[in-house]
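Here are the chains, one letter per residue:
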Amino acid sequence: INKFNIPNNVLLRIYDIICCSSIYTQYDTKLFCKLLKDNDITIDNIQGLKTDHLLYIYLTSVGKFWDFMMSQDDLKGVSRDEVKKSMFGEVFYSKSLRGSNMNYQKVFKRIFPSVFKIILDQRKKNKKGLDDHLANKLMSFESEIIQEVLTKLFDKGYNVLNIHDAIIVLDTLNNFNLTPEYIQELLNFEFKKRHMMGSTKIDYYMYYPNRYNPK
């Protein structure tokens, strides 16, 4: 988004595209191009921007990237955990920039060649310094969003903590009026500040009876 200075109106149209199951077929790129055309999204006037850039932004924004990757013939039958671990390792985190045995990297590169070029360029620039390593930059960026939300919740007196990208709401009296929807609202605000959209998921864990909220 920053590299090509993608206009907000283009991003908003992408974020408004309704997800359909057929986008996960082997004809995904053609279908996505049709979705762009049907929604009057043109990229010709943005120098260097490619369709696979927008497809990557779209899939990661709506939380469907891993479902999409697992639908590829190369990865069918492979567990989700294995796909995530290996693809993260080979595309973003590995010490080697390229490798003949990096099968997951090959799948990513085939589908997202223009995105992979950006990743490769960033990794080449920052492979020497630990603080500048792409993997560390990604984790730092994620942490920045979570910390912004936690600070706002702390300021209101809520008892919350985080584990990586998860915000944990403790079962305390101070949290009686804290709703998942409010936290989602704060997260979405932070995403929008960065011209992004993200997907969130609510999980309920009960380690002991809720003492304060009869619901």
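Residues numbered from 1 in each chain as written. Predicted model: local features only at pLDDT ≥ 70, side-chain atom pairs only at ≥ 80, totals over all residues. Heavy atoms only, no water.

1. Observations regarding the overall build of the protein
Counting its secondary structure elements, the protein contains nine helices and two strands. Helices and strands appear in the protein in the N-to-C order α-α-α-α-α-α-α-α-β-β-α. Expressed as a percentage of the 215 residues in the protein, the buried residues total 36%. Within the protein, residue pairs in contact and separated by at least 24 positions form 52% of the contacts whose partners lie at least 6 positions apart. Carbon and sulfur atoms make up 53% of the accessible area of the protein, which amounts to about 13900 Å² in all. (Helix = DSSP H or I, 4+ residues; strand = E, 2+ residues; numbered from the N terminus. Buried < 20%, exposed > 50% of the residue type's maximum accessible area, 1.4 Å probe, protein only. Contact = heavy atoms within 4.5 Å. Areas by Shrake-Rupley, 256 points an atom, 1.4 Å probe, with all protein chains shown as cover.)

2. Section: helix H1 (residues 8–16)
The complete set of buried residues in H1 reads Val-10, Leu-11, Ile-14 and Tyr-15. Here the buried residues of H1 occupy an arc of 135° about the axis, which is enough to place them on one side. Those residues of H1 that are exposed and angled more than 90 degrees off the buried face are Leu-12 and Asp-16. Its buried side turned inward, H1 meets helix H3 (51–61). (Arc of directions from axis to C-beta.)

3. Examining the confidence of the model for the protein
On average, residues of the protein carry a pLDDT of 82, and 84% of them reach 70 or more. Within the protein, helix H2 (residues 28–38) has the poorest average pLDDT of any element, 75, and strand E1 (residues 160–163) the best, 93. (pLDDT = per-residue confidence, 0-100.)

4. Here we look at the nonpolar core
Burial of nonpolar side chains together is a common tendency in soluble globular proteins. Residues Ile-6, Leu-54, Phe-65, Met-69, Met-87, Phe-108 and Phe-112 are the most contacted members of the largest nonpolar core, which totals 39 residues. At the level of elements, H1, H2, H3, helix H4 (65–70), helix H5 (80–93), helix H6 (103–111) and helix H7 (113–126) are the ones that each hand at least two residues to this core. Looking at this core element by element, the count peaks at six residues for H3. Among all residues touching Leu-54, those that are not within four sequence positions of it are Ile-6, Ile-14, Phe-32, Leu-36, Ile-41, Ile-43 and Leu-49. (Core = buried A, V, L, I, M, F, W, Y, C linked by side-chain atoms within 4.5 Å.)

5. Looking at the pairing of strand E2 (residues 166–169)
As paired strands, E1 and E2 are joined by four bridges and run antiparallel to one another. Its bridge partner lying in E2, Val-160 is registered against Val-169. In this antiparallel pair of consecutive strands, E1 and E2, the connection spans two residues, and His-164 shows a positive phi of 55°. (Pairing = 2+ DSSP bridges.)

6. Points about a nonpolar patch on the surface
Among the surface-exposed residues, Leu-161, Ile-163, Ile-168 and Leu-170 lie close enough to one another that they form a single nonpolar patch of about 300 Å² accessible area. In this fold, Ile-168 is placed in strand E2. Residue classification places Ile-168 among the partly exposed positions, given a relative accessible area of 30%. (Patch = residues over 30% accessible without salt bridge, like charges linked within 9 Å, V, L, I, M, F, W, Y side chains within 5 Å. Salt bridge = Lys/Arg side-chain N within 4 Å of Asp/Glu carboxyl O.)

7. Here's the deal with the environment of Phe-92
With respect to the helices, strands and loops of the structure, Phe-92 is situated in helix H5. Given a relative accessible area of 11%, Phe-92 falls into the buried group. Along the primary structure Phe-92 and Gln-105 are separated by 13 residues, whereas in three dimensions their C-alpha atoms are 9.2 Å apart.

8. Section: the packing of aromatic side chains
Each aromatic ring pair is described using two quantities: the centre-to-centre distance and the angle formed by the ring planes. In the structure shown here, the tally under the stated rule is 13 aromatic pairs. When the centroid spacing of 6.1 Å and the interplanar angle of 55° are considered together, the rings of Phe-68 and Phe-112 count as tilted. Residue Phe-68 is found in helix H4, and its partner Phe-112 is found in the loop between H6 and H7; the two are separated by 44 residues along the sequence. Residue class for Phe-112 comes out buried when judged on its relative accessible area of 0%. Grouping aromatic residues by their ring pairs yields a cluster made of Tyr-56, Phe-65, Trp-66, Phe-68, Phe-88, Phe-92, Tyr-93, Phe-108, Phe-112 and Phe-116. Between Lys-3 and the ring centre of Phe-4, over which it is positioned, the NZ or CZ distance is 5.8 Å. (Phe/Tyr/Trp six-rings, centres within 6.5 Å; stacked < 30°, edge-to-face > 60°. Lys NZ or Arg CZ within 6 Å of the ring centre and 35° of its normal.)

9. So, the environment of Lys-152
Mapped onto the elements, Lys-152 comes out in helix H8 (residues 134–155). Not counting chain neighbours up to four residues away, the residues in contact with Lys-152 comprise Leu-186, Phe-189 and Glu-190. At 2.9 Å, the side chain of Lys-152 forms a polar contact with the side chain of Glu-190. (Polar contact = N/O pair within 3.5 Å; in protein donor to acceptor, adjacent residues only side chain to side chain.)

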